[in-house]
Amino acid sequence: RDLNPKAVMHKLSQYRTTCAELNGYINFRTLKLMVDSSSGDRWTLSEEVLKELCLEAGDRGFDVHIDARGEAAIAGSYEALSATRSAGYKKNAFTLAHDPAADPEELSDNCLQINISESVLAADAPEFDWSCIRTAKDVSEAVDMLTINAAIQLGIDNEFGSIQKGKHADFVIFNENPLEAKTLDEFKNHKSVMTVIDGVVVYDAEEDDPAQWDFLLTEQQD
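Below: a short report on this structure.

The rules behind these values
- Residues numbered from 1 in each chain as written.
- Predicted model: local features only at pLDDT ≥ 70, side-chain atom pairs only at ≥ 80, totals over all residues.
- Heavy atoms only, no water.
- Helix = DSSP H or I, 4+ residues; strand = E, 2+ residues; numbered from the N terminus.
- Expected span 1.5 Å × (residues − 1).
- Buried < 20%, exposed > 50% of the residue type's maximum accessible area, 1.4 Å probe, protein only.
- Pairing = 2+ DSSP bridges.
- Axes fitted to C-alpha atoms, helices over the stretch in contact; angles between N-to-C directions.
- Contact = heavy atoms within 4.5 Å.
- Right-handed = clockwise from strand over helix to strand, strands pointing away.

This part takes up helix H3 (residues 71-86). The terminal C-alpha atoms of H3, which comprises 16 residues, lie 22 Å apart, in line with the 22 Å expected from a rise of 1.5 Å per residue. Along H3, the positions that sit buried rather than exposed are Ala73, Ile74, Gly76, Ser77, Tyr78, Ala80, Leu81, Ser82, Thr84 and Arg85. Remark: glycine 88 follows H3 within two positions and exhibits a positive phi of approximately 110°.

Given below as structure tokens:
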């Protein structure tokens, strides 16, 4: 609903946190908004407040993620993010997730031009259990969604998301080449045999001991 944007951002800034995992890149610095006009033309959040919230977030260094349902909400959310980007906030990560109500090709092109990450929202009760890649056309696109595209949406693609010199050595090794999977269902069934974070092996299937995990979890419950 409509609230004072400055008060909202003041409260968010009070609760800004950074966790120790992944060198501080797991953090709370995102304004998440849900805008819905699917039940009619009237919104619970006005376009003016939506735009001011985005501008306040940009000014305070926050990223913005909007879930928009309904054509009016999608159009208004795009305009708010576009206005914020035009105001000079170039380093903030902006994401617009929407239902299929909009023209996906036109919206995708517009978002690409001003560096807004765009994706399609999953249904309320999706049958597809990996909703983050449900719109992928093939396995290669699914891998990009889980790696480099995810890093771009978080605004950390300069250090994460792909295997390149100078980036963090974070990757997973599979028992088969996932890019050779014929379908997304086949891709989901691939098993990882090793996980490396920052150049350190944190999981090795050959050395994994289920009994040790059971002991540790039981000990924590006690």
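Taken together, 4 strands build an open sheet; the order of strands is S1-S2-S3-S4 and the sheet is parallel. Unpaired on one side and paired on the other, strand S1 (30-36) and strand S4 (117-120) mark the two borders of the sheet. Looking at each pair of strands side by side, their axes are set apart by 15° on average, direction ignored. Pairing of strand S2 (residues 63-69) with strand S3 (residues 94-98), which is carried by 5 bridges, proceeds in the parallel orientation. Residue pairing for S3: alanine 68 is matched across the bridge by histidine 98. Along the sheet face, helix H2 (residues 47-59) touches S1 and S2 and points at about 170° away from the line of S1. Against the sheet, H3 engages S1, S2 and S3, with an angle of about 175° to S3.

Of all 7 residues in S2, 5 are buried; the element is thus mostly enclosed. When S1 meets S2, the two strands line up parallel, connected through 7 bridges. Residue lysine 32 lies in a different strand from S2, and its bridge partner there is histidine 65. Chirality of the crossover, the property in question, places the unit of S2, H3 and S3 among those that are right-handed.

Note: strands within a sheet are paired through backbone hydrogen bonds, in either parallel or antiparallel orientation. Taken in spatial order, the 3 strands make up an open sheet running S5-S6-S7, and their pairing is antiparallel. Every other strand in the sheet has two partners, leaving strand S5 (171-174) and strand S7 (200-204) as the edge strands with one partner each. Put simply, the sheet's adjacent strands are angled 20° from each other on average, direction ignored.

Everything listed here is a matter of geometry and, on its own, says nothing about what the molecule does.
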